[in-house]
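# Coordinates in review
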Amino acid sequence: MANDPQCPSCGSALRPPNLMHEQHLCPQHGEVAPLHPAVLPDVTTLQRVVRGAAVPAWLPWPMPATWVFTGLRLVGGGPQPVSAVAVALTGASLTSGPADLIIVSEQPGTGLGPRIAGLSGAQSVSAMLQRPADAMVDTGGWANPVWSLPAVDDRAVYVGEAAGEWLWLIAWPEIAWSVIHDGLRLVDLRGTQPLGDLPIGALMPRLAELA
């Protein structure tokens, strides 16, 4: 069912923990932390939802003009720490009209970022990291390089590392890459002051569906 936890790497339905397995079980990837359904917390709830995450919850701040927060997905939680956070935003790009952006922070091996990026499990980003970066993104006051990956279908994909975890930035349509640029400033919702004026829109369909 759509609201059941999924494998973050492939979207398969998971078998719940039992006497033999302490974690959820994916038929393809074995024991995994579950990807939970998309949610759209209000401003007062958002930071509480991510406070105990083991990875950052990155949000552009101040928000670009016309952009709104459009949802959140978490991997793990409960007896396990949250190992991945996907933050969704919708607005206008600099050149192409309406655009979507999903920012994923995840522990190595989680698989949510590559799945949203449309990458197969066999594709590696290690070779890409050997060439000069394509942009610098400010994450909590630190300048972090990000690299663009070859376009997958209709999206632009950038990847790097921040706060010791993988950082993925995926934008639709492909020409909307301009929302990922030098000077983009991200803050970690876990340690940020209350964001009383955070604009919130409707839940992003592609975040909810992860087709």
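Now for a quick tour of the structure. (Residues numbered from 1 in each chain as written. Predicted model: local features only at pLDDT ≥ 70, side-chain atom pairs only at ≥ 80, totals over all residues. Heavy atoms only, no water.)

## Points about the overall build of the protein chain
Put simply, the rule is: What counts as a helix is a DSSP run of H or I of at least four residues, what counts as a strand is a run of E of at least two, and both are numbered from the N terminus. With the radius of gyration taken over C-alpha atoms, the globule rule is written as 2.2 Å times the number of residues to the power 0.38. Working definition: with a 1.4 Å probe on protein chains only, accessible area under 20% of the residue-type maximum means buried, over 50% means exposed, and in between means partly exposed. Every residue pair with non-hydrogen atoms within 4.5 Å of one another is taken to be in contact. For every accessible area listed, the method is Shrake-Rupley and the probe measures 1.4 Å; residues are considered covered only by the protein chains on display. All tallies of charge rest on Lys and Arg as positive and Asp and Glu as negative; His and the ends of each chain are not included. Taken as the charge centre is NZ of Lys, CZ of Arg, CG of Asp or CD of Glu, depending on the residue.
Across its full length, the protein chain holds three helices and eleven strands. Secondary structure elements in the protein chain, listed N-terminal to C-terminal, are β-β-α-β-β-β-β-α-β-β-β-β-β-α. Against the compact-globule benchmark of 17 Å for 211 residues, the protein chain has a radius of gyration of 16 Å, which places it among compact chains. If one aligns the C-alpha atoms of the protein chain with their principal axes, the spans along those axes are about 50 × 40 × 30 Å. In the protein chain, buried positions account for 47% of the 211 residues. Residue pairs in contact within the protein chain that sit at least 24 positions apart in sequence constitute 60% of those at least 6 positions apart. Here the protein chain has roughly 10100 Å² of accessible surface; of this, 57% comes from carbon and sulfur atoms. Taken together, the 10 basic and 17 acidic charged side chains of the protein chain have centroids lying 4 Å from each other.

## Considering the nonpolar core
To keep it simple, the criterion reads: In these notes, a set of buried Ala, Val, Leu, Ile, Met, Phe, Trp, Tyr and Cys residues joined through side-chain atoms within 4.5 Å is what counts as a nonpolar core.
Ranked by internal contacts, the top residues of the largest apolar core, which has 37 residues, are L59, V85, L101 and L169. Counting residues in hydrophobic clusters, the runner-up holds 23 residues, among them V104, L112, A117 and W172.

## Focus on the pairing of strand β6 (residues 98-106)
Our working definition: For two strands to count as paired, DSSP must find a minimum of two bridges between them.
Of all nine residues in β6, eight are buried; the element is thus mostly enclosed. By the bridge criterion, nine bridges tie strand β5 (residues 84-92) to β6 in an arrangement that is antiparallel. Considered in β6, the bridge of L89 is made with L101. As paired elements, β6 and strand β10 (residues 165-172) share seven bridges and run antiparallel to each other. Bridging across to β10, I102 finds its partner in I170.

## What about the pattern of salt bridges?
Formally: We count a salt bridge whenever a side-chain nitrogen from Lys or Arg sits within 4 Å of a carboxyl oxygen from Asp or Glu.
Taken as a whole and judged by the stated rule, the model has five salt bridges. A salt bridge links D134 to R131; the nearest nitrogen and oxygen atoms lie 2.9 Å apart. Among the residues examined, D134 registers a relative accessible area of 38% and is labelled partly exposed. We note a salt bridge from D154 to R155, for which the minimum N-O separation is 3.8 Å. Accessibility expressed as a relative area gives 37% for D154, which makes it partly exposed.

## Section: the sheet that holds β6
Where we set the bar: For helices, the axis comes from a line fit to the C-alpha atoms of the stretch in contact; other axes are also lines fit to C-alpha atoms, and the angle between any two N-to-C directions lies between 0 and 180 degrees.
One open sheet accounts for nine strands, arranged β3-β11-β7-β8-β9-β10-β6-β5-β4; its pairing is mixed. The open sheet has two edge strands with one neighbour each: β3 (58-60) and β4 (68-75). Within the sheet, the average angular offset between the axes of one strand and its neighbour, ignoring direction, is 30°.

## So, helix α1 (residues 43-50)
Heads up, the condition is: Directions from the helix axis toward the C-beta atoms define the arc.
Looking only at α1, the buried set comprises L46, Q47 and V50. In a view along the axis of α1, the buried residues occupy a sector of 85°, so they form one face of it. With respect to the buried face of α1, the exposed residues turned more than 90 degrees away are T44 and R48. On its buried face, α1 sits against β4.

## Section: the environment of N18
Note that N18 resides in the segment before β1 (24-26). Looking at N18, the relative accessible area reads 35%, which means it is partly exposed. On a C-alpha basis, the gap between N18 and W142 in space is 42 Å, while along the polypeptide they are 124 residues apart.

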